[in-house]
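Chain residues, written in single-letter form:
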Amino acid sequence: MEMVLNTIAFAVFVISFLTACDLFYGVYRMKRLSSVEFMEDLSGPLVSVIVPACNEQEHIGRTIETLLQQSYRNLEIVAVNDRSTDATGTLLEELQKKHNRLTVLHLDHLPAGWMGKSHALQEGAFRAEGDYLLFTDGDVAMDPSTISRAVYHMMEKNRDHITLIFQNSTTGLLLNSFILEAGLGLLQLFRPWRAVDKNSRNFIGVGAFNLVRRSTYSAVGGHASIRMHPVDDIMLGKRIKRSGYSQECLLGIDLVKVPWYRNLADMTNGLMKNTMATVNYHLYLVVPLLIAMILFTVMPFWGMIYCDAPARYFFAGSVAIRIVLFGYGSLLINISSWWCVPAAIITPYISVFITVRAAWLNCRDRGIFWRGTYYPLRQLRQNESLLPWF
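Predicted, not measured: the structure shown is a model, and the values here were computed from it. (Residues numbered from 1 in each chain as written. Predicted model: local features only at pLDDT ≥ 70, side-chain atom pairs only at ≥ 80, totals over all residues. Heavy atoms only, no water.)

Examining helix 11 (residues 311–332)
Residues lying three or four places apart along an α-helix face the same way, a consequence of the helix completing one turn every 3.6 residues.
Link 1 in the chain: In this model, helix 11 (22 residues) spans 31 Å end to end at C-alpha, consistent with the 32 Å of a helix rising 1.5 Å per residue.
Link 2 in the chain: Of the residues trailing helix 11, Asn334 is marked for its positive phi of about 60°. (Helix = DSSP H or I, 4+ residues; strand = E, 2+ residues; numbered from the N terminus. Expected span 1.5 Å × (residues − 1).)

Here you go:
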């Protein structure tokens, strides 16, 4: 038993060390959008910003205002009010009366076989007239130079698609700690710094900022090609990259801010929809997923306390690596409180809880409920895999 524990501890430490080094080096290589020049030429291509909004009355006004204040002037905004039951539609109509660059599209039903957000984005793309399409969310705040810099970089490097890593703007110790947990996990899983390499299988997409050429969007089938996938942003990136188009992910942390979730309860509920998408809603894959999560995030802490040497030292090394990653993540996305770093010991239990609960709800309901609509597992399992190596 002791030899088995020593082997497990050593393997966990080595894999943790290698993936951490890969993350540090990868993020270091990523370009910051804030370092890109402005594009001030008024003859630049028309960019259509498509903003889906479902019950976004709290944020939609600020989002539209930051888009209207963009330094890039050849811009149209298509806001899609997707079956909102609050004042979102009314607020958008009032803004449309004041700004002729804003077009408001109201949707009152969801066709069968569609996820709501993908349908809203597809309808917005149909209405848009730009040569470039920027898909964003109804709660995003952008610096006035964001689109100008992004278009300039896209044209200079001849990219078909660029996306941005954003900064979370909500507060709360445990919430930000778990955002670090989820964010670091996504970085290590998708390795977005490799998306720019045409020979890699890595891809990425971020719902807060997906800027794509219209010709590319049409060629890959738009959102109609991923109409039933709950993780539409990343899957759009996968469709683009796997179709042979160029893609790049940049750091937009100092330019794009999003209240990713209002509180931990909202984030937990939100991830209930997406967690099982990682294993394509196949329940038999939940067990190996949980084993991997426990091995790399839960077991090292207890192992460094209760195991004997040398396993104790290997587990302690894995814990140290995790804490260093959290510290690096805090600096990267400008989290002011260092208390998020020791919370790295707590957040894995939230991840395990979400995974177990999501699996149980999927099994019980034979599908997922999202924004009042039921999606059966038999349809969700027909989606293309979310994972980079498939």
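Looking at the sheet that holds strand 6 (residues 161–165)
Link 1 in the chain: One open sheet holds the seven strands; their spatial order is 3-2-1-4-8-6-9, and the pairing between them is mixed. Among the strands making up the open sheet, the edge pair consists of strand 3 (102–107) and strand 9 (247–251). Neighbour to neighbour, the strand axes of the sheet diverge by 20° on average, direction disregarded.
Link 2 in the chain: Here strand 6 pairs with strand 8 (residues 210–213) via three bridges, running antiparallel. (Pairing = 2+ DSSP bridges. Axes fitted to C-alpha atoms, helices over the stretch in contact; angles between N-to-C directions.)

Side note on empty space enclosed by the protein
Link 1 in the chain: For the structure on display, the rule yields three cavities of 30 Å³ or more.
Link 2 in the chain: The space that makes up the largest cavity amounts to roughly 70 Å³.
Link 3 in the chain: Lining the largest cavity are Phe296, Thr297, Val298, Pro300, Phe301, Ser318, Val319, Arg322, Ala344, Ile345, Pro348 and Tyr349.
Link 4 in the chain: Only helix 10 (286–306), helix 11 and helix 12 (347–365) provide two or more residues apiece to the lining of the largest cavity.
Link 5 in the chain: Here the lining of the largest cavity gets five residues from one element, more than from any other, and that element is helix 10.
Link 6 in the chain: The space that makes up the second largest cavity amounts to roughly 50 Å³.
Link 7 in the chain: Looking at the second largest cavity, the residues that line it are Lys117, Leu121, Phe135, Thr136, Asp137, Gly207, Asn210, His223, Asp232, Asp233 and Leu236.
Link 8 in the chain: Of all the elements in the fold, those that place two or more residues in the lining of the second largest cavity are helix 4 (116–127) and helix 8 (232–242).
Link 9 in the chain: Broken down by class, the residue content of the lining of the second largest cavity amounts to three nonpolar, four polar and four charged. (1 Å grid on protein atoms, 1.4 Å probe; cavity = no way out; pocket = protein on both sides within 12 Å on 5 of 7 lines; lining within 4 Å. Points joined across faces, edges and corners; volume = space filled by probe spheres on them. Nonpolar A, V, L, I, M, F, W, Y, C, P; charged D, E, K, R; others polar.)

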